[in-house]
Amino acid sequence: MAQAILAKTGSPVGRSVYISVKAMERGKLLFEEALGAESLELPDNWRPVGTVRAVGSGELLDPSGTRTIRLRGRIKGELENECAIGLEPIRRKFDNEFDLFYYPEELIAEDGEYALTSEDADVGFYEGDGLFLEDAAVEQIVLWLPMRPECEDAERTGSCPHTKAAPEQQTEADAEDPRWNALRGFKLN
Ligand SMILES: [Zn+2]
């Protein structure tokens, strides 16, 4: 029953699973969604392999007070990219649990600022009547992503087995590039 409450909107940006405060006033929302590449805007050219699965629940805490959205669940999938050094295809699997709190944006507006405490590590804000599950999913994936797309060898050792030289050595090789020889005798006045 709870799943039926979840509104499906024809959002032009691809996001479609809306966690609505109004719907949660009537009870907890359960979701079990397969999110595709079209709805997940990931950085650094990361793409999902197939779909990302998001399973969990949305709840409105303190409906007559802070009206906080609590989003709990599990997100699982696989992403693909190219290694930044050797350009070979790489894949990364993830399977993470999340427990997030979103306060209404008005809360910042009232005070001018909202002081985050150490207990609020997983806190965000929502605008208007709720938030898109896809946006929460992207936030979670970004937290987990490595600093830059690299194969596991490159991440561990700094050099990629798919390229003959590590980045530092490549720089030396460039300096010895014979094409530069023509310029060596050339001096500026
Ligand atoms: Zn690599």
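Our structure's up above, just so we're on the same page.
The rules behind these values
Residues numbered from 1 in each chain as written. Predicted model: local features only at pLDDT ≥ 70, side-chain atom pairs only at ≥ 80, totals over all residues. Helix = DSSP H or I, 4+ residues; strand = E, 2+ residues; numbered from the N terminus. Buried ≥ 20, exposed ≤ 12 C-beta atoms within 10 Å, placed from the backbone. Pairing = 2+ DSSP bridges. Core = buried A, V, L, I, M, F, W, Y, C linked by C-beta atoms within 7 Å. Contact = placed C-beta atoms within 7 Å. Expected span 1.5 Å × (residues − 1). Arc of directions from axis to C-beta.

1. Here we look at unusual backbone geometry
Within the chain, Asp62 stands out as a residue other than glycine whose phi angle is a positive 50°. Along the chain, Asp62 falls in the loop between strand E5 (52-61) and strand E6 (68-82). Positive phi, normally seen in glycine, also occurs at Leu87, with a value near 65°. The residue Leu87 is located in the loop between E6 and strand E7 (89-104) in this model.

2. Points about the pairing of E5
Burial along E5 is one-sided: Val52, Ala54, Gly56, Gly58 and Leu60 are buried, while Arg53, Val55, Ser57, Glu59 and Leu61, pointing the other way, are not. In this structure, strand E3 (residues 29-35) lies alongside E5, joined through seven bridges in antiparallel fashion. Bridge pairing in E5 places Leu35 opposite Val52. Relative to E6, E5 runs antiparallel, the two sharing nine bridges. Opposite Ser57, over in E6, you have Arg72 as the bridge partner. Hairpin connection from E5 to E6: six residues lie between these consecutive antiparallel strands, with Asp62 at a positive phi of about 50°.

3. What about the nonpolar core?
By size, the foremost hydrophobic cluster in this structure holds 20 residues, and its most contacted members are Ile19, Val52, Ala54, Ile69, Leu131, Leu133 and Ala137. Sorting the residues of this core by element identifies strand E2 (17-20), helix H2 (21-25), E3, E5, E6 and helix H4 (133-144) as the ones contributing at least two each. The element best represented in this core is H4, accounting for four residues. Not counting chain neighbours up to four residues away, the residues in contact with Leu131 comprise Ile19, Ile69, Tyr102, Tyr126 and Ala136. Judged by nonpolar contacts, the second largest core, of six residues, contains Cys83, Ile90, Cys151 and Cys160.

4. What about H4?
Its 12 residues place the ends of H4 17 Å apart at the C-alpha level, agreeing with the 16 Å of an ideal helix rising 1.5 Å per residue. Of all the residues in H4, the buried ones are Leu133, Glu134, Ala136, Ala137, Gln140 and Ile141. The arc enclosing the buried residues of H4, seen along the axis, measures out at 160°, which places them on a common side. Buried positions along H4 lie against E2, E3, E5, E6, E7 and strand E9 (130-132).

5. Remarks on the environment of Leu131
By the secondary structure assignment, Leu131 is in strand E9. Residue class for Leu131 comes out buried when judged on the 24 C-beta atoms lying within 10 Å of it. Put simply, Leu131 and Ile19 are 112 residues apart on the chain and 5.3 Å apart in space, counted from C-alpha to C-alpha.

6. Overview of the environment of Phe125
If you trace the backbone, Phe125 turns up in strand E8 (residues 123-126). Owing to 16 C-beta atoms within 10 Å, Phe125 belongs among the partly exposed residues under this scheme. In the structure, Phe125 is positioned 56 residues away from Ile69 in sequence and 8.9 Å away in space, judged by C-alpha atoms.

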